[in-house]
Amino acid sequence: MTDASPFPEDFLWGASTAAYQIEGAADEGGRGPSIWDTFAAAPGRTRDGDTGAVACDHYHRWREDFDLAERLGLRAYRMSVSWARLQPDGRGELNPEAVAFYRELLGDLRSRGITPLVTLYHWDLPQVLDDEGGWPERRTAHRFADYAARTAAALGDLAEDWIPINEAWCIAFLGHYEGVHAPGRRDLTQALRTVHHLNLAHGLAAAAIRDRRPSARIGTAVILTDIEPASDRPEDQAAAMLADGAGNRMFLDPLFKGAYPEDMRWHYRGSGAFDAIEPGDMDTIAAPLDFVGVNHYHRFRIAADESDPHLGTRALEPEGPVTDFGWEIHPASLRRVLERLSADYTDLPVYVTESGACFDDAVGPGGEVDDADRIEYLDGYFRAAGEAIEKGVNLRGYFVWSLLDNFEWAEGYSKRFGLVHVDYDSQRRTPKRSADWYRRVIASGGANLDWN
Ligand code: IFM
């Protein structure tokens, strides 16, 4: 820490990506189909029918991408490895081409002095496992632990930091209740069974990684939302409590308290969801971690709304400025979720494993991408992170989502989150003005957030 900066000197300034969103090469290197290949190929599932088949072609262009990461001065890079690439059949020996690919990537990052943080599951379940029932079935959690063990054995000498699962909430509720993400199911009980099996998969994988690589550091990447009641009315207060339960506590409580929240057990009574819990599961899930990853994008002001069959809630329209997604820009929410994590759950080291914004960035006539709105966004969120540190949160790093513009799931290529612009026709990369700004922030250890 310097006089001018709240960030410690060894703070991990980083950026995040995920395999399906950038790699492409869907039919190369022995990769098998994942649920996202299937979902995106089905009519009407993604904007303009976009798929991740080519994406940023990172599979072939990763050296160029890592040159950009190095030029940015990134100290750390969070990436995911693709289950469908490493274990195309969802079981058995790992695919040697995929192991060689990821070993090359990880080795290269290390040689550049960039610390890799590896996520094992960023939503690309091998299709064959979904055909067998997918995450609503307990056996998928055991398949995941096997994949985690084999991957830790194959790659664990090149990466110390591991995150088993990214954003279990999105997988469970967007993928199995709202049906807007793969695999596109719309069934509350299936979604809630998925919650438990993802929590269990996290715990089983953590144990499996530790078994193969005792020195590995293991964390998580939970998406934490700042929930406020829309008013003092008791029904809005109760609604906000439920929204917080489904969005945050159904994941944090099992990890750090070894139990599902009582109010959510009551709310979901009769759904059969908790029948999925077997003796010993909660101890497996709550096994000690080394760090916590927080992905943060939203504040929601929640009102009671009886027409909502799930929670009886409704989010009010944002009050302030929004990103291109319509997501409210509200930096204080990042500070609030970090403080809450530290006050209510854990004093483990925390990383912001994702935070960022999409804007409608275009390459200007001189070849520049002037994304002042992203700089303003990051400026506010970095300051909020600094305030959290000053309030005592054990924050050790910040990974901007994302290094590159990429495939934004159901929104296809229409949403640009990158520090680097990607022209998807030519695959030309153009660092945005925010990339240059971030480089200076990193070089100053977070002391210099000036814009010029
Ligand atoms: O692009 C996603 C990422 O895959 C998971 N977290 C949220 C990002 C923005 O929507």
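A brief look at the structure comes next. Values in this document were obtained by computation on a predicted structure and should not be read as measured data.

Here we look at the environment of Pro 234
Then step 1. Along the polypeptide, Pro 234 turns up in helix H10 (residues 234–257).
Then step 2. Spatially, the C-alpha atoms of Pro 234 and Ala 304 are 9.2 Å apart, while their sequence positions differ by 70 residues.

Details of the pattern of salt bridges
Should their charged atoms come close, side chains of opposite charge can pair.
Then step 1. One pass over the structure, following the stated rule, counts 45 salt bridges.
Then step 2. Measuring nitrogen to oxygen at the nearest pair gives 3.1 Å for the salt bridge that ties Arg 210 to Asp 290. In this pair, Arg 210 is assigned in helix H9 (residues 188–212) and Asp 290 in the loop between helix H12 (281–285) and strand S8 (292–295), connecting sequence segments 80 residues apart.
Then step 3. Judged by relative accessible area, Arg 210 falls into the partly exposed class, the value being 27%.
Then step 4. Glu 387 is the partner of Arg 335 in a salt bridge, and the nearest nitrogen-oxygen pair spans 3.4 Å. With Arg 335 in helix H13 (residues 332–344) and Glu 387 in helix H14 (residues 372–390), this residue pair connects regions lying 52 residues apart in the sequence.
Then step 5. Among the residues examined, Arg 335 registers a relative accessible area of 18% and is labelled buried.
Then step 6. A network of salt bridges, in which partner residues are shared, links Asp 226, Glu 228, Arg 299, Arg 301, Glu 319, Glu 328 and Arg 336.

Here's the deal with the sheet that holds strand S9 (residues 299–304)
The strands making up a sheet associate through hydrogen bonds between their backbones, and the pairing can be parallel or antiparallel.
Then step 1. Taking strand neighbours across the sheet as the criterion, the 3 strands line up as S7-S9-S10 in an open arrangement whose pairing is mixed. Where the open sheet ends on each side, the last strands, each with one partner, are strand S7 (226–229) and strand S10 (313–315). Strand after strand, the sheet turns through a mean of 35° between neighbouring axes, direction not considered.
Then step 2. In the sheet, S7 pairs with S9 via 4 bridges, with the strands oriented parallel. Bridging across to S9, Pro 229 finds its partner in Ile 302.

Let's talk about the layout of surface pockets
Then step 1. Looking at the largest pocket, its volume works out to about 990 Å³.
Then step 2. Elements with a contribution of two residues or more to the lining of the largest pocket: helix H8 (168–176), H10, S9 and S10.
Then step 3. Its residues assigned to classes, the lining of the largest pocket comprises 22 nonpolar, 10 polar and 7 charged.

Here's the deal with the packing of aromatic side chains
Then step 1. Under the definition given, this model contains 41 aromatic pairs.
Then step 2. The interplanar angle of 10° and the centroid separation of 5.7 Å between the aromatic rings of Phe 382 and Trp 437 together place this pair among those described as stacked. Linking Phe 382 in helix H14 with Trp 437 in helix H15 (residues 433–443), this pair joins segments that are 55 residues apart in sequence. When sorted by exposure, Phe 382 lands in the same class as Trp 437, which is buried.
Then step 3. A ring pair is formed by Phe 382 and Tyr 438, whose centres lie 5.6 Å apart and whose planes are at 35°; its orientation type is tilted. Highlighted residues: Phe 382 in helix H14 and Tyr 438 in helix H15, separated in sequence by 56 residues. For the pair Phe 382 and Tyr 438, one class covers both residues: buried.
Then step 4. Here the aromatic residues Tyr 20, Trp 36, Phe 39, Trp 123, Phe 407, Trp 409, Tyr 413 and Tyr 424 are joined through ring pairs into a cluster of three or more.
Then step 5. Taking the ring centre of Phe 274 as reference, the NZ or CZ of Arg 265 above it sits at 4.7 Å.
Then step 6. Lying across the ring of Phe 325, Lys 415 places its NZ or CZ 5.5 Å from the centre.

Here's the deal with unusual backbone geometry
Then step 1. Note the cis peptide between Ala 182 and Pro 183, where omega equals 5°.
Then step 2. Looking at the element boundaries, Pro 183 is found in the loop between H8 and H9.
Then step 3. At Ala 25, a residue that is not glycine, the phi angle is positive and equals roughly 50°.
Then step 4. Mapped onto the fold, Ala 25 is located in the loop between helix H1 (19–22) and helix H2 (35–41).
Then step 5. We classify Ala 25 as buried; its relative accessible area is 6%.
Then step 6. Even without a glycine there, the phi angle at Trp 409 is positive, about 50°.
Then step 7. In this fold, Trp 409 is placed in the loop between strand S12 (395–401) and strand S13 (420–423).

Topic: empty space enclosed by the protein
Then step 1. The tally for this structure, following the rule as stated, stands at 6 cavities of 30 Å³ or more.
Then step 2. Its boundaries defined by the atoms lining it, the largest cavity holds a volume of some 100 Å³.
Then step 3. Those elements that place two or more of their residues in the lining of the largest cavity are H9, strand S6 (221–223) and H10.

Focus on the environment of Gly 113
Then step 1. Along the chain, Gly 113 falls in the loop between helix H5 (96–111) and strand S3 (115–121).
Then step 2. A C-alpha to C-alpha distance of 7.0 Å links Gly 113 and Arg 75, two positions 38 residues apart in sequence.

What counts and how
- Residues numbered from 1 in each chain as written.
- Predicted model: local features only at pLDDT ≥ 70, side-chain atom pairs only at ≥ 80, totals over all residues.
- Heavy atoms only, no water.
- Helix = DSSP H or I, 4+ residues; strand = E, 2+ residues; numbered from the N terminus.
- Salt bridge = Lys/Arg side-chain N within 4 Å of Asp/Glu carboxyl O.
- Buried < 20%, exposed > 50% of the residue type's maximum accessible area, 1.4 Å probe, protein only.
- Pairing = 2+ DSSP bridges.
- Axes fitted to C-alpha atoms, helices over the stretch in contact; angles between N-to-C directions.
- 1 Å grid on protein atoms, 1.4 Å probe; cavity = no way out; pocket = protein on both sides within 12 Å on 5 of 7 lines; lining within 4 Å.
- Points joined across faces, edges and corners; volume = space filled by probe spheres on them.
- Nonpolar A, V, L, I, M, F, W, Y, C, P; charged D, E, K, R; others polar.
- Phe/Tyr/Trp six-rings, centres within 6.5 Å; stacked < 30°, edge-to-face > 60°.
- Lys NZ or Arg CZ within 6 Å of the ring centre and 35° of its normal.

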